[in-house]
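Now for the letters of each chain:
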Amino acid sequence: MTTPTRHVALGHPALCCTTGTRWVDLWLAMLEPPDPADWLPAREPSDSEEAPALPVRAHPAPPCDPVALGLDRKMVRTMETQARLAVSAAGQVQAQGPWPDRAFDAPRRTGLYMGMPTVDEEVPPLAALPHWLESANGALTDLLGALPPFAGLSLLNSSAAAHVSVLLGLQGAMSLYSPFCDAGLNALIDGVLSVAEGENEFALIGGIGPKLNLLLPVQYLHWGWSPSSGLWPGEGAAFLLAGGFGALADPSLHLTGYARGFVPPDEPRPGVMFAGLLDQALTIAGRRIGDIGWILPAACLSREMQARQSQALADLFHRPTEALPLGQVAQAVGLLGPAEPLLQAGLAQLGLWRGQRLAWQAGSRRHREEPLEAPVVLLMAWAPHGQCVFALLEGRPR
Amino acid sequence: MREVAVTGLGAVVGRCGDASGLFDCLQRGESMVREHPRYRDHGFRNPALASIADEVWAGVEASLGECPPGWGPSTRIAVHVARQALRGSGLHTPSACRASRGGVFVGHNKSLFTEADLSNLSRHHDAATGRVDLDAFIRGGAHDSDNHYRRNQDTAALALADETGWQHCISTHGDACAAGGMAIGVAYRRIAMGDIDVALAGAAETMGNFPALAAFTAIGAMAPAMTRPPHEMSRPFDADRTGFVMGEGGAFLVLEAAQAAAARGAPVLAYVRGFANRLEAHRISASVADGDEYLRCMQAALRDAGLTAAQVDHVNAHGTSTLANDACEAQALKRLFGERCGRLPITANKSALGHGLACSGAIEAVLSVLSLRRQLLLPTLNFQRPDEACEGLDIVTVARQATVRTVLTNSFGFGGQNCALVLEKA
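Keep in mind the model is a prediction, meaning the values are calculated, not measured.

K.L.:
What's the story with the confidence of the model for chain A in this structure? I'm lost.
P.N.:
When pLDDT drops low, the exact placement of atoms in the prediction is not to be read closely. Predicted confidence across chain A gives a mean pLDDT of 85, with 84% of residues reaching 70 or more. Of the regions scoring below 50 in pLDDT, residues 41–54 of chain A engages in 22 contacts with residues more than four places distant in sequence or in other chains.

Have a look at this one:
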C-alpha cells in the first residue's frame, strides 16, 4: 500500500548556482561547461612530499543578497551561506509567477521540505582561538565576545529552514534531511507525499549544497573524492513547489514512482540492488523500464563508485554506458549534495517541456542535446554511505 | 490509516542506563544535572550539565564491544539504546528484523568541532594571513579523518539500518530541539500510511562539549551563572527560571503496525495516535508570545489523533526553563485546555534531565509511554512558584498516581519547527 502521488503537481522551479538563476543557463552550461574557478590554496594530500601540488577548484554560487528579498538586515547578519542560498532560491519560487496565490495567501497550508548537508566548520572562528588556547580561564569571556551572532546555531539546518519559513510565511508541516544527495530526493518524495496525504496543501521542496568551506575538501577526500576526478565542489540550491492537481499555474511535472533503500558503497555489483529499487518505483508508477527516456543520477564523490553506478545503470538498461541517456549537472555546476537532485528535477521539467534531453558525452564534461522520446525521467541518488533513492518524474511538452 | 503500536523502548541518560531505571530515578525526584569539572575549568560561569555518567559510558562500551572507527559518542549511544528497544520488542534477532519492511528515523543535529579538534586545527592556522595549512593538518598525525564521520548527522541512522536491515526508509532529522519528536512522528506517519511496517525511531545527541556550550551561552539561552546548586538550575515554569541546562543522551522506540505486532504476539506498550509538525514563520530566536504557534501545533496533533482537548489526560511539556519558551508554552496550554488547565497534570522532564536538544523529544516520548504503562506521572523538579505567565497550570511536583489514557508530548525547536505527539495507553 503506497499513497498515490500522480495527482500532485510539481512546478515553479528555481535555482541559484554557479550558472546563475536561470534554467536555460544551466541547460547551456551543460552543453558547454564553464571552467571552475581557482579556490583555495589547499593541496591534495599525498604520501610523497615531492608530489606535485594540485590546486583545488570550485564552482561558487554568485553572491546573493537576502535583504533585497525583504529580509531584515539584522537578521541577515545571523545568516550562514547555506541559509542565504536557500532563501535566494526559495524567494525566486515566490517571485517568478504566474503564482498560485493560495500557496502564500494561506501559509498555514504550505509546508517546507529541505535537504541540507553537514559541513565541518570551525566554531568559534579560528582567529578567535589563540587567546583561548593560551589561557584557560580568563580568555573565555573574550572568546564568547568574539563569536559572531548566532555562531554555531546559524549552522543548524533548522536555522536555514527558519529563514525560509519567515521569508515566505510558511506555517505548514515540514521536514529537514541530511546530509548527502539522497537528502534532496527524500525531501522531494516526502514533500509530495505531504500534499498527497493531505498534511499540506502546498509544499515548498528544496535542496541546498555544501558551502565552500576550507574544510570541505578534507571531508570529500575522506569519502574518496579526488581532484583528478574532474568534479569540483560547488555551491547551489534549487527549489520546487508541490500542490494538488490544478493548484499550480503551470503544472508540468509529477512524481509517479519512488523507492528508497540502502546499497553498500563498496558493493561491487550494485546493479542487482538498483534493479530491485527501480522495479519498486516502476510498479508504483505503473510503468516499464522502456518508458524511461532520461536518467539523471547525482554524481558520486568517489570515482570508483561513480564507475560502478554507471556500469550498473548500463546493465539495467541493457546498453553500453556511452549509449545511456544519462545527464549529470555536477559536470557543469560542481558537486552539490542535496541540491543536485532538485536541480536535476528542474532540468527534467525543462527537458520534458522541450521534448529534449541532455546526454553526457563519456570522457568529457559536455552533454549533447537529443530528442526525449520516452515520457519518464529517472532521478537517482546513491550517497557515499550507501543511502539510495530512485524517483520517477513525468510531464508533458509545453 | 493503520494503527501504530509502540513495542519496544530504550534510553540512556545521565547515570541511568535504561528506560525503566530512568523512570524510577525521576519518580524519586532525582536530577541528572551535575557541575562538570571540565567546563568549570574552562571558565564557564554555568558549568552545570546533565552528561552521561562515566559508569554508564563504561557499560555502553562494554556492551558494544569493538565499534567501527566512525562511530562517535552519539552513534554508540544510539546503537546501544536501539538494541534495548529491539530486545524489548522481540525483534532483536537478524531473522526477526529482516522479515519486516522497516525504516530507521533518527533525530541528530549538526555537531560542531570539539575543543580537541579546534585546538588541533588552530595549530595550523596562520593568524597573520588567515590561512590554514590543510596539508600539514592532514599529515600532522593529530588529525583523525574519522572525526567527521563521528560528527556526521546520518552515521547513527546508517548504523541502525545496517544492523536491522530496515532500509526501506532511512531518515535523519535535524530539526534542532524538535528533532527527536519529529523522527518519531515521521516514522509513525510512514507506518500509518503503509509505506513500512516497522521502524526504529528516536534520537541520540551528545552536545555536552565546548563549542555547543559556548554557542548557547553566547545567545543567552543557557542559565547565565550557577546561582544555585547544579540540580536546581533547570526549573521549568518556575518564576526564578533563568535558562536551560545542557543535557545529553539517547532514546529509541520500536514502532510497528499494530496488526503486524498482534500477528507476532508482540508486547504492545502504547499506541501513537497522532502527530503534527508545524513551521512558525515568526522569528528565528523566539516564538509568538501568545503561544499561538504552539497552540496550532498541538491542535493539529489532536486533530490527527481524532481527539479533543478534553480527552487529553496529561501533558509532557517541552518546558526548557527559559523565560520565553515556558511563558509561551504556558499561554498555549491555557488557550488549548481553558479552565481545565488547572486540573490537567503537566510534567517537564528537562527539570531533571537538562535539555538534550535532539534527544529530548525522544526521551520524553519514552517516559510518556512509561507513564501510560505505570499510570504514574513524573515530577517537575524545582518548580516552586509560577510567574504571571505560568500561573494556573497544574505542574506535577511529586510523582503522582493518575488514570492516564492519553498523553500529549511537545517539542518546540529553535528556529520555529514544532511538533507534538499524541500517545495512548495500550
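What follows continues from the structure just given.
K.L.:
Sorry if this is basic, but what is going on with the sheet that holds strand 3 (residues 48–50) of chain B here?
P.N.:
What holds strands together in a sheet is hydrogen bonding between their backbones, with the strands either parallel or antiparallel. Residues and elements named next belong to chain B. Taken together, three strands build an open sheet; the order of strands is 2-3-9 and the sheet is mixed. Edge positions in the sheet fall to strand 2 (34–35) and strand 9 (246–247), since each of these pairs with one other strand and no more. Where strand 3 and strand 9 come together, two bridges link them in parallel fashion. Residue pairing for strand 9: Leu49 is matched across the bridge by Met246.

K.L.:
Help me understand the pairing of strand 18 (residues 417–425) of chain B, please; the structure alone is not making it clear to me.
P.N.:
Side chains on a regular strand alternate between the two faces of the sheet. Residue and element names in this part refer to chain B. In terms of residue burial, strand 18 counts as a mostly covered element, since eight of its nine residues are buried. As defined by bridge partners, strand 17 (residues 406–413) adjoins strand 18 across eight bridges and the pair is classed as antiparallel. The residue bridging Asn410 from the neighbouring strand is Ala420, located in strand 18. Taken together, strand 17 and the strand that follows it, strand 18, pair antiparallel across an intervening segment of three residues, in which Gly415 is found at a positive phi of about 105°.

K.L.:
I keep staring at the pattern of salt bridges and nothing clicks. Help me out?
P.N.:
Two side chains of opposite charge can pair, provided their charged atoms sit close to one another. Going through the model one piece at a time under the given rule, you end up with 40 salt bridges over all chains. The salt bridge involving Glu394 of chain A is made with Arg6 of chain A; its shortest N-O contact spans 3.5 Å. Of this pair, Glu394 of chain A sits in strand 13 (residues 387–395) while Arg6 of chain A sits in the segment before strand 1 (8–17), and the two are 388 residues apart along the sequence. One salt bridge in this structure joins Lys350 of chain B and Glu364 of chain B, with 2.9 Å as the shortest N-O distance. Here Glu364 of chain B lies in helix 16 (residues 358–374) and Lys350 of chain B lies in helix 15 (residues 350–353), a separation of 14 residues in the sequence. The burial state of Lys350 of chain B is the same as that of Glu364 of chain B; both residues are buried. Residues participating in the shared-partner salt-bridge network are Arg6, Arg287, Asp291 and Glu394 of chain A.

K.L.:
How should I be thinking about the pairing of strand 6 (residues 202–208) of chain A in this particular structure?
P.N.:
Residues and elements named next belong to chain A. In terms of burial, strand 6 is largely enclosed, as seven of its seven residues are buried. Judged by which residues are buried, strand 6 turns out to be covered on both faces: Phe202, Leu204, Gly206 and Ile208 on one side and Ala203, Ile205 and Gly207 on the other are all buried. Here six bridges tie strand 4 (residues 110–115) to strand 6, and the two strands are oriented parallel to one another. Bridge pairing links Gly115 to Gly207 in strand 6. Judged from the seven bridges that link them, strand 6 and strand 7 (residues 236–244) form a sheet pairing that is antiparallel. Its bridge partner lying in strand 7, Leu204 is registered against Leu241.

K.L.:
Hey, could you run me through the sheet that holds strand 11 (residues 270–279) of chain B in this one?
P.N.:
Residue and element names in this part refer to chain B. Pairing is mixed in the open sheet, where eleven strands are placed in the order 7-4-8-10-1-11-18-17-12-13-15. Two strands lie at the open edges of the sheet, namely strand 7 (169–173) and strand 15 (394–395), each paired on one side alone. Strand direction decides the pairing type here: strand 13 (residues 345–347) and strand 15, joined by two bridges, are parallel. When the sheet's bridge partners are listed, Pro345 is paired in strand 15 with Asp394. Strand contacts of helix 13 (residues 292–305): strand 11, strand 17 and strand 18, with the helix running at about 140° to strand 11, the strand carrying the most contacts. The strands that helix 16 touches are strand 1 (4–13), strand 4 (102–107), strand 8 (198–205), strand 10 (249–257), strand 11, strand 12 (314–316), strand 17 and strand 18; relative to strand 10, the one it contacts most, it runs at about 60°.

K.L.:
Any chance you could explain the nonpolar core here in plain terms?
P.N.:
Across soluble globular proteins, nonpolar side chains have a tendency to be buried as a group. Membership of the largest hydrophobic core comes to 123 residues, with the highest contact counts inside it found for Phe239 of chain A together with Leu255 of chain B. Here this core gets ten residues from one element, more than from any other, and that element is helix 16 of chain B. Residues Trp27, Leu188, Val192 and Val377 of chain A belong to the second largest nonpolar core, which totals 68 residues.

K.L.:
Just to check I follow, could you spell out helix 9 (residues 155–164) of chain B for this structure?
P.N.:
Think of an α-helix as 3.6 residues a turn; residues three or four steps apart then line up on the same face. All names here are of chain B. A large share of helix 9 lies buried, amounting to eight of its ten residues. Within helix 9, burial applies to Thr155, Ala156, Ala157, Leu158, Ala159, Leu160, Ala161 and Thr164. Phi turns positive one or two residues past the end of helix 9, at Gly165, with a value near 75°.

K.L.:
Which parts of the structure should I look at to understand helix 6 (residues 115–122) of chain B?
P.N.:
The element helix 6 of chain B is largely enclosed, with a buried count of seven among its eight residues. The set of residues buried in helix 6 of chain B consists of Glu115, Asp117, Leu118, Ser119, Asn120, Leu121 and Ser122 of chain B.

K.L.:
Looking at this structure, how should I read the packing of aromatic side chains?
P.N.:
How two aromatic rings sit relative to each other is set out by the distance from centre to centre and by the angle between their planes. All names here are of chain A. In this structure the tally under the stated criterion is ten aromatic pairs over all chains. Summarising the aromatic geometry, the rings of Trp225 and Trp232 are spaced 6.2 Å apart at their centres and angled 75° between planes, so their arrangement reads as edge-to-face. Neither Trp225 nor Trp232 differs from the other in exposure class; each is buried. Residues Phe274 and Phe390 carry aromatic rings whose centres are separated by 5.8 Å and whose planes lie at 65° to one another, so their mutual orientation is edge-to-face. In this pair, Phe274 sits in helix 10 (residues 271–285) while Phe390 sits in strand 13, placing the two residues 116 residues apart along the sequence. Each member of the pair Phe274 and Phe390 is classed as buried.

K.L.:
Explanation requested: the packing of helix 1 (residues 23–31) of chain A against helix 13 (residues 339–354) of chain A in the structure shown.
P.N.:
A pair of packed helices can be characterised by two numbers: the angle between their axes and the separation between those axes. All names here are of chain A. In contact at an axis separation of 10 Å, helix 1 and helix 13 are set at 90° when each is read in the N-to-C sense. Relative to helix 13, helix 1 is oriented roughly perpendicular. On helix 13, the residues that touch Trp23, Val24, Leu26, Trp27 and Met30 of helix 1 are Leu342, Leu343, Gly346, Leu347, Leu350, Gly351 and Arg354.

How each quantity is defined
- Residues numbered from 1 in each chain as written.
- Chains lettered and ligands numbered in written order.
- Predicted model: local features only at pLDDT ≥ 70, side-chain atom pairs only at ≥ 80, totals over all residues.
- Heavy atoms only, no water.
- pLDDT = per-residue confidence, 0-100.
- Contact = heavy atoms within 4.5 Å.
- Pairing = 2+ DSSP bridges.
- Helix = DSSP H or I, 4+ residues; strand = E, 2+ residues; numbered from the N terminus.
- Buried < 20%, exposed > 50% of the residue type's maximum accessible area, 1.4 Å probe, protein only.
- Salt bridge = Lys/Arg side-chain N within 4 Å of Asp/Glu carboxyl O.
- Axes fitted to C-alpha atoms, helices over the stretch in contact; angles between N-to-C directions.
- Core = buried A, V, L, I, M, F, W, Y, C linked by side-chain atoms within 4.5 Å.
- Phe/Tyr/Trp six-rings, centres within 6.5 Å; stacked < 30°, edge-to-face > 60°.
- Parallel < 35°, antiparallel > 145°, perpendicular 65-115°, else oblique.

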